[in-house]
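# Topology and contacts: notes
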Amino acid sequence: MEKWYWMAVVVLMGLTVRWTVSLHSYSGAGKPPLFGDYEAQRHWQEVTFNLPVRQWYFNSSDNNLQYWGLDYPPLTAYHSLLCAYVAEHINPAWVALHTSRGHESPAHKLFMRATVFIADLMIYIPAVVLYCCCLKEISTKKKAASALCILLYPGLILIDHGHFQHTYNSVSLGLALWGVLGVSCDWDLLGSMAFCLALNYKQMELYHSVPFFCFLLGKCFQKGLRGKGLGLLVQLACTVAASFTLCWLPFLTEREQSLQVLRRLFPVDRGLFEDKVANVWCSFSVFVKMKDLLPRDTQILISFCVTFLSLLPTCIKLTLRPSPRGFRFTLVSCALSFFLFSFQVHEKSILLVALPVCLVLHEIPFMSAWFLLVSTFSLLPLLLRDGLLLPSAATVAAFCTACGAFFPAWGAASEEALQLGAFVAAARKRKFLPRWSLPFLPRVVRCLFLASVTIMVLLTLMTVTLDPPRKLPDLFSVLVCFVSCLNFLFFLVYFNIIIMWDSKNGRNRKKIN
């Protein structure tokens with residue numbers, strides 16, 4: 001009973017913060033002719049409500065794809081249609097074909113905010129609560145503390161309830177989390193179905209697809225492909241095929257329909273990256289203009305090869321030695337590899353890395369909280385553009401307060417708490433690092449943390465208070481991306497070390513049952 005009392009308090013706090021942030025501005029407010037992501041979501045409701053399904057993804061006089069054309073999978077479109085029915089019932093002018101374009105009003109803002117709030121409450125928040133309740137070997141208050149820190153993560157709150165991204169991240173991430181819960185608790189078919197729904201809601205869930213595949217394949221190998229393993233493999237294949245077929249059914253009537261949807265989902269013509277994103281290709285384009293030097297096909301090939309090679313070792317280990325703990329950490333590593341090296345990355349895609357980091361927050365609180373702060377900082381140019389400085393500062397302060405109150409700060413930066421013991425032991429044995437440097441690793445991590453936080457605070461103050469030089473109008477945005485990228489590369493190395501030298505995986509100690 002006590003557990004549910006604390007969880008109820010945590011959920012109320014999370015909902016209060018979300019609704020408070022939603023009172024502020026949103027993407028493209030009062031900025032014609034394209035406005036912003038808010039208008040994109042409203043426009044999708046207009047298109048799905050007024051046009052037949054076969055026209056949703058095709059350019060026409062009634063559906064100008066250059067004006068926020070639908071470019072997400074079918075489940076996003078169905079969700080837009082559902083919201084459109086509710087909007088039409090409240091005020092038909094909100095979804096009227098053509099005439100509703102660019103519509104803005106206090107009542108409509110309240111409706112749009114409520115759709116995000118309800119989606120969060122129905123899908124994402126229950127998944128977080130159930131995940132934290134299922135954690136083993138920690139007290140009830142620690143479970144509630146983990147849930148509070150996850151629900152107060154600033155990045156997701158600011159993007160969904162402040163910026164208003166044109167896809168509801170809480171839906172795709174919530175479905176992915178239900179998938180994580182399912183496969184971690186040996187409800188493999190339900191977990192697979194939940195992840196298929198996440199993938200059919202937002203194609204960027206591909207960031208998580210490889211660990212899901214490797215973990216389930218590893219389970220089949222463990223059971224034996226000549227026995228129960230083969231049966232599980234067939235059942236999983238049928239579940240995935242059925243889930244995709246149901247989601248895509250209206251678009252499978254004609255070959256051109258399916259191809260057009262795929263072309264909209266993967267618009268390679270947009271280039272290697274868009275805007276200022278804290279990945280390798282954008283950050284280092286300051287020194288080497290890869291977008292200008294190489295043909296697009298070569299860029300795609302290079303990004304694919306680098307991404308594949310960076311995630312290969314951890315995925316091989318997960319396949320050979322599957323465990324829920326290894327699965328969670330591999331989700332972090334693979335999602336971060338996709339974000340840093342893949343083709344056509346958006347700055348908001350960092351939320352796909354933040355979700356699995358939230359899932360290991362109770363295991364390595366120091367590094368997880370640090371990463372989540374950096375991921376929010378990487379969104380700074382976008383948040384300032386939307387006038388979200390005050391809610392950004394408030395949510396970051398609330399998140400830091402929660403983490404500092406419930407998880408020890410410097411005590412969590414010891415060798416044991418950082419889970420570097422196995423790595424240090426291997427380094428001593430094989431001598432691939434100087435022996436004198438090993439005792440100083442926790443101290444080095446602390447120093448890097450202080451340097452990282454100091455630079456982020458200074459860059460934030462400079463971005464807010466100073467005007468960039470005329471010849472370098474994007475100076476501060478580029479610096480934010482570059483600093484964030486360096487941090488993310490460090491975290492990629494760290495999480496790979498945790499996975500590859502993790503003796504707990506070998507003993508298969510499950511924290512989720």
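A quick note: this is a predicted structure, and the numbers were derived from the prediction, not measured.

### Focus on the overall build of the protein chain
Along its length, the protein chain carries 22 helices and zero strands. Compactness check: the protein chain gives a C-alpha radius of gyration of 23 Å against a globular reference of 24 Å for 513 residues, within 12% of the reference. Structurally, the protein chain occupies a C-alpha span of about 70 × 65 × 60 Å along its principal axes. For the protein chain, the proportion of its 513 residues judged to be buried stands at 54%. For the protein chain, the exposed surface amounts to about 22100 Å²; the carbon and sulfur share of it is 68%.

### Here we look at the pattern of salt bridges
Under the defined criterion, the tally for this structure stands at 11 salt bridges. One salt bridge in this structure joins Asp120 and Arg18, with 2.7 Å as the shortest N-O distance. A residue pair is termed long-range when its members are at least 10 positions apart, and Asp120 in helix H4 (residues 106-133) and Arg18 in helix H1 (residues 2-22) qualify at 102 residues. Arg18 matches Asp120 in its accessibility class, with the two residues each being buried. With its nearest N and O atoms 2.3 Å apart, the salt bridge here joins Glu256 to Arg263. The class of Arg263 is partly exposed, set by a relative accessible area of 43%. A single network of salt bridges, built from pairs that share partners, joins Glu39, Arg42 and Glu46.

### Comments concerning the packing of helix H7 (residues 169-184) against helix H14 (residues 324-341)
Two quantities define a packed helix pair, namely the angle between the helix axes and the distance between the axes. Packing of H7 against H14 leaves a shortest axis separation of 10 Å and a crossing angle of 155°. As far as their axial angle goes, H14 and H7 are roughly antiparallel. Of the two elements, H7 crosses H14, and the hand of that crossing is right-handed. Contacts between H7 and H14 involve Val180, Val183 and Ser184 on the former and, on the latter, Pro324, Phe327 and Leu331. Looking at side-chain class alone, the contact of H7 with H14 contains five nonpolar, one polar and no charged residues.

### A look at the confidence of the model for the protein chain
For the protein chain, the mean per-residue pLDDT works out to 90, and 95% of the residues sit at or above 70. A low-confidence stretch, residues 505-513 (pLDDT under 50), is modelled with 31 contacts involving residues beyond four sequence positions or located in other chains.

### Side note on unusual backbone geometry
Geometrically, the link from Pro32 to Pro33 is a cis peptide bond, its omega value of 10° lying close to zero. By the element assignment, Pro33 lies in the loop between H1 and helix H2 (37-50). Even without glycine at this site, Phe35 takes up a positive phi of about 60°. Even without glycine at this site, Gln344 takes up a positive phi of about 60°.

### A word on the side chain of Gln257
Inspection of the secondary structure assignment puts Gln257 in helix H10 (residues 255-265). In this structure, Gln257 is in contact with Arg54, Phe58 and Phe251, ignoring residues within four places of it in sequence.

### Description of the nonpolar core
In terms of nonpolar packing, the biggest core is built from 149 residues, with Trp56, Tyr124, Phe339, Leu340, Met367, Phe371 and Phe488 touching the most fellow members. Among the elements that take part in this core, H4 stands out by supplying 13 residues, more than any other. Beyond its immediate sequence surroundings of up to four residues, Phe488 is in contact with Ala278, Leu336, Phe339, Leu340, Ile350, Phe371, Val374, Ser375 and Ser378.

### Topic: the environment of Phe406
In this fold, Phe406 is placed in helix H18 (residues 389-406). Given a relative accessible area of 37%, Phe406 falls into the partly exposed group. Note: C-alpha distance between Phe406 and Cys149 (257 residues apart in sequence) is 8.9 Å. Setting aside residues up to four positions removed in sequence, Phe406 forms contacts with Lys142, Ala145 and Leu148.

### Structural notes on the packing of aromatic side chains
All chains considered together, the criterion is met by 32 aromatic pairs. Judged by centre distance (6.3 Å) and plane angle (45°), the rings of Phe284 and Phe287 are tilted. Ring plane angle 70° and centroid distance 5.6 Å describe the contact between Phe284 and Phe482, whose orientation is recorded as edge-to-face. With Phe284 in the loop between helix H11 (280-283) and helix H12 (290-293) and Phe482 in helix H21 (residues 475-500), this residue pair connects regions lying 198 residues apart in the sequence. The class of Phe284 is partly exposed, set by a relative accessible area of 31%. Here Phe482 falls in the partly exposed class, since its relative accessible area comes to 23%.

Analysis parameters
- Residues numbered from 1 in each chain as written.
- Predicted model: local features only at pLDDT ≥ 70, side-chain atom pairs only at ≥ 80, totals over all residues.
- Heavy atoms only, no water.
- Helix = DSSP H or I, 4+ residues; strand = E, 2+ residues; numbered from the N terminus.
- Rg over C-alpha atoms; globule rule 2.2 N^0.38 Å.
- Buried < 20%, exposed > 50% of the residue type's maximum accessible area, 1.4 Å probe, protein only.
- Areas by Shrake-Rupley, 256 points an atom, 1.4 Å probe, with all protein chains shown as cover.
- Salt bridge = Lys/Arg side-chain N within 4 Å of Asp/Glu carboxyl O.
- Axes fitted to C-alpha atoms, helices over the stretch in contact; angles between N-to-C directions.
- Parallel < 35°, antiparallel > 145°, perpendicular 65-115°, else oblique.
- Left-handed = near helix turned anticlockwise from the far one by under 90°.
- Contact = heavy atoms within 4.5 Å.
- Nonpolar A, V, L, I, M, F, W, Y, C, P; charged D, E, K, R; others polar.
- pLDDT = per-residue confidence, 0-100.
- Core = buried A, V, L, I, M, F, W, Y, C linked by side-chain atoms within 4.5 Å.
- Phe/Tyr/Trp six-rings, centres within 6.5 Å; stacked < 30°, edge-to-face > 60°.

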